[in-house]
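Observations on the three-dimensional arrangement
So the chains spell out like this:
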Amino acid sequence: MSLTLYYSPGACSGITINAIKELGLDCEFIRVDLSSGEHKTERYLSINPHGKVPALVADGKLLTENPAILIYLNSLVEGSKLIPETDDAFQRSLYYSDLMWCSSTVHPSVRHVCVPAYYTVAEDKDDVVARGKIALTVHLQAIEKRLQESDWWYGEQWAIVDTYLHWCYSRAQRGGFPLDDYPAILAHKERIEAMPSYQRRAQIEAA
Ligand SMILES: N[C@@H](CCC(=O)N[C@@H](CS)C(=O)NCC(=O)O)C(=O)O
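Residues numbered from 1 in each chain as written. Predicted model: local features only at pLDDT ≥ 70, side-chain atom pairs only at ≥ 80, totals over all residues. Heavy atoms only, no water.

Burial along strand β3 (residues 55–58) is two-sided: the residues Ala 55 and Val 57 and Leu 56 and Ala 58 are all buried. For strand β1 (residues 3–7) and β3, the ladder comprises four bridges, and the chain directions are antiparallel. Paired with Leu 3 across the strands is Ala 58, a residue of β3. Bridge analysis of β3 against strand β4 (residues 61–64) gives four bridges, and the strand direction is antiparallel. Counted as the bridge partner of Val 57 is Leu 62 from β4. Where β3 folds back onto β4 in an antiparallel hairpin, the turn is made up of two residues, including Asp 59, whose phi is positive at roughly 50 degrees. (Buried < 20%, exposed > 50% of the residue type's maximum accessible area, 1.4 Å probe, protein only. Helix = DSSP H or I, 4+ residues; strand = E, 2+ residues; numbered from the N terminus. Pairing = 2+ DSSP bridges.)

Structure (structure tokens):
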């Protein structure tokens, strides 16, 4: 199996790098420079017509959207801990639902706060940022409540959804949204950043 991941440092593709490192899979990592608009060039669009990262090419075939990529990676390794194992179709769907919640609900509210130009052509972006902060606060309060009850989203055991949540709240923090009111999230952040797979991801993103 040949795997190539297109990523950008600091972007949500970091979650995918983390998953690949956690599973110990061989993968070629190719950096895409979002700041110079490389993701909108003809060359990159010929690889990923959506013009976004992450993009995984597995044996020559393209897969996009973080949750789909993570579910696929999880299926490649027997005993993978990215998503808890279950024979119950409804429970499995609940796990997938959590990944999709991160991708399609929490991530967009982070984007409202950090990259408001994405949502308005108006010069004044304050409205978009304010709307994003309201939504993000609701999400962070729900995350905080759950992490006050256990170390990880699913209790005793880390899963890739933890790393997804980590990316969302850390990106918001880097974008100027303070996390001081969320002590359980801050403790979770430390646990994630102490993981060897997180350190290996950080090395790739820093290279
Ligand atoms: N729904 C996509 C979102 C991917 C996404 O928005 N990636 C950002 C980086 S975090 C990106 O490529 N942004 C560049 C752009 O949209 O122009 C997923 O879950 O994979």
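Contacts to the ligand come from 15 residues, most closely from Lys 52, Val 53, Glu 65, Asn 66 and Tyr 118. Interatomic distance of 2.6 Å between a side-chain N/O atom of Glu 65 and a nitrogen atom of the ligand. Assessed atom by atom at 2 Å from the grid points, the ligand resides in the largest pocket. Those elements that provide at least two residues to the shell around the ligand are α3 (66–76) and α4 (89–114). Counting residues per element, the shell around the ligand draws most heavily on α4, which supplies three residues. By residue class, the composition of the shell around the ligand is seven nonpolar, four polar and four charged. Structurally, the shell around the ligand is a two-domain feature, drawing no fewer than three residues from each of domain 1 (3–82 + 197–206) and domain 2 (89–195). (Near = heavy atom within 4 Å. Polar contact = N/O pair within 3.5 Å; in protein donor to acceptor, adjacent residues only side chain to side chain. 1 Å grid on protein atoms, 1.4 Å probe; cavity = no way out; pocket = protein on both sides within 12 Å on 5 of 7 lines; lining within 4 Å. Sits in = over half its atoms within 2 Å of the grid points. Nonpolar A, V, L, I, M, F, W, Y, C, P; charged D, E, K, R; others polar. Domains from an automatic or database assignment.)

Computed from the structure, the largest pocket encloses a volume of approximately 610 Å³. For the lining of the largest pocket, the elements supplying multiple residues, two or more each, are α3, α4 and α6 (160–174). Of the residues that constitute the lining of the largest pocket, the class distribution is 12 nonpolar, nine polar and six charged. The space that makes up the second largest pocket amounts to roughly 220 Å³. Taken together, 13 residues make up the lining of the second largest pocket; nearest its centre are Asn 74, Ser 75, Ser 80, Ile 83 and Glu 85. Secondary-structure elements contributing two or more residues to the lining of the second largest pocket are α3 and α4. Looking at the lining of the second largest pocket element by element, the count peaks at three residues for α3. Looking at the lining of the second largest pocket residue by residue, the classes come out as five nonpolar, five polar and three charged. (Points joined across faces, edges and corners; volume = space filled by probe spheres on them.)

Sequence positions flagged by UniProt for "domain: GST N-terminal" (unreviewed entry) are, in local numbering, residues 1–81. Across residues 1–81 one finds 32% helix and 21% strand; the C-alpha atoms that close the span lie 20 Å apart. (UniProt positions renumbered as here; feature names shortened; annotations may be inferred.)

Let's shift gears to the side chain of Glu 144. Secondary-structure assignment places Glu 144 in helix α5 (residues 126–149). Arg 191 is the oppositely charged side chain nearest to the buried, salt-bridge-free Glu 144, at an N-O distance of 9.0 Å. Not counting chain neighbours up to four residues away, the residues in contact with Glu 144 comprise Tyr 182, Pro 183, Ala 184 and Ile 185. (Lys, Arg positive; Asp, Glu negative; His and termini not counted. Salt bridge = Lys/Arg side-chain N within 4 Å of Asp/Glu carboxyl O. Contact = heavy atoms within 4.5 Å.)

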